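Observations on the model geometry
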Amino acid sequence: MELAPFFAEVDAQPWAELQHAYGSAADVPDCLRVLAGDDEDAASEALSELYGSILHQGSVYEATAHAVPYLARLAEAGHRTEDLLVLLGGIAEGGEDRGETDEAACRAAVVAQLPLILGWIADESPGLRQAAAWTGP
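Residues numbered from 1 in each chain as written. Predicted model: local features only at pLDDT ≥ 70, side-chain atom pairs only at ≥ 80, totals over all residues. Heavy atoms only, no water.

1. Quick word on the overall build of the protein
A count of helical and extended segments in the protein gives eight helices and four strands. Across the protein, helices and strands are ordered from the amino to the carboxyl terminus as α-β-β-α-α-β-β-α-α-α-α-α. A compact globule built from 137 residues would reach a C-alpha radius of gyration of about 14 Å, and the protein, at 14 Å, matches this within 12%. Dimensions of the protein, computed from the C-alpha atoms along their principal axes, are close to 40 × 35 × 25 Å. (Helix = DSSP H or I, 4+ residues; strand = E, 2+ residues; numbered from the N terminus. Rg over C-alpha atoms; globule rule 2.2 N^0.38 Å.)

Structure follows, in structure tokens:
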């Protein structure tokens, strides 16, 4: 995956207008950039920040559904794949499937990414297989 067009698409999203657990989601693009980088410590911190903001204690937010396609594409490209699949599974896990709720929007967003996610079910790594299977609703 070429990162320049990917992040141009990320930057085109209205993150500052979207909300997560701590208000504006303007910090989400920076977290995504760090996840795509080579610094493992920084990536672990970015992942932790995303858990705290877009999947805070099991709750999802308006910004969460917007982040899902980018998380799935990073995972599919091999950037912290197992960690991101687990995060996507947590996003898909809660709430109702119906209605106009953040939970329903998040589940629908994860379902839309299943073509990228389910390919990992056949991976050699048991952790990746398990994470991919759990992510699929």
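Further notes follow.
2. Considering the packing of helix H5 (residues 81-93) against helix H8 (residues 126-135)
For any two helices packed against each other, one specifies the inter-axial angle together with the distance between the axes. Relative to each other, H5 and H8 sit at 20°, their axes nearing to 8 Å. Looking at the two axes, H5 sits roughly parallel to H8. H8 is crossed by H5, and the crossing has left-handed handedness. Touching Thr81, Glu82, Leu85, Val86, Leu88, Gly89, Gly90, Ala92 and Glu93 of H5 are Gly127, Leu128, Ala131, Ala132, Trp134 and Thr135, all from H8. Of the residues assigned to the contact of H5 with H8, the class counts are eight nonpolar, five polar and two charged. (Axes fitted to C-alpha atoms, helices over the stretch in contact; angles between N-to-C directions. Parallel < 35°, antiparallel > 145°, perpendicular 65-115°, else oblique. Left-handed = near helix turned anticlockwise from the far one by under 90°. Contact = heavy atoms within 4.5 Å. Nonpolar A, V, L, I, M, F, W, Y, C, P; charged D, E, K, R; others polar.)

3. Points about the nonpolar core
Core analysis: the biggest nonpolar cluster contains 42 residues, and Leu32, Leu35, Leu71, Leu85, Leu88 and Ile91 have the highest contact counts within it. In terms of residues, this core owes the most to one element, helix H4 (residues 62-76), which gives nine residues. Apart from the residues within four sequence positions on either side, Leu32 is in contact with Phe7, Val10, Tyr70, Leu71 and Leu74. (Core = buried A, V, L, I, M, F, W, Y, C linked by side-chain atoms within 4.5 Å. Buried < 20%, exposed > 50% of the residue type's maximum accessible area, 1.4 Å probe, protein only.)

4. Topic: unusual backbone geometry
A positive phi is found at Gln57, a non-glycine position, where the angle reads about 50°. Along the polypeptide, Gln57 turns up in the loop between strand S3 (55-56) and strand S4 (59-60). Look at Arg80: it is not a glycine, yet its phi comes out positive at around 50°. Here Arg80 is to be found in the loop between H4 and H5. Overall, Arg80 belongs to the buried group, its relative accessible area being 17%.

5. Description of the pattern of salt bridges
This model, assessed by the stated rule, comprises four salt bridges. Note that Glu9 is salt-bridged to Arg73, the shortest N-O span being 3.0 Å. Of the two residues, Glu9 is situated in helix H1 (residues 3-11) and Arg73 in helix H4; the sequence distance between them amounts to 64 residues. With a shortest N-O distance of 2.7 Å, Arg80 and Asp83 are connected by a salt bridge. (Salt bridge = Lys/Arg side-chain N within 4 Å of Asp/Glu carboxyl O.)

6. What to know about the environment of Asp41
Structurally, Asp41 is set in helix H3 (residues 40-53). The exposure class of Asp41 is exposed, given its relative accessible area of 65%. Between the alpha carbons of Asp41 and Asp102 there is a distance of 30 Å; along the sequence they are 61 residues apart.

7. Here we look at the environment of Glu9
With relative accessibility at 36%, the residue Glu9 sits in the partly exposed group. Linking Glu9 and Tyr70, residues 61 residues apart in sequence, is a C-alpha distance of 9.2 Å. Beyond its immediate stretch of four places on either side in the chain, Glu9 contacts Tyr70 and Arg73. Polar contacts involving the side chain of Glu9 include one to the side chain of Arg73, which spans 3.0 Å. (Polar contact = N/O pair within 3.5 Å; in protein donor to acceptor, adjacent residues only side chain to side chain.)

These values are about where atoms sit, not about what they do.
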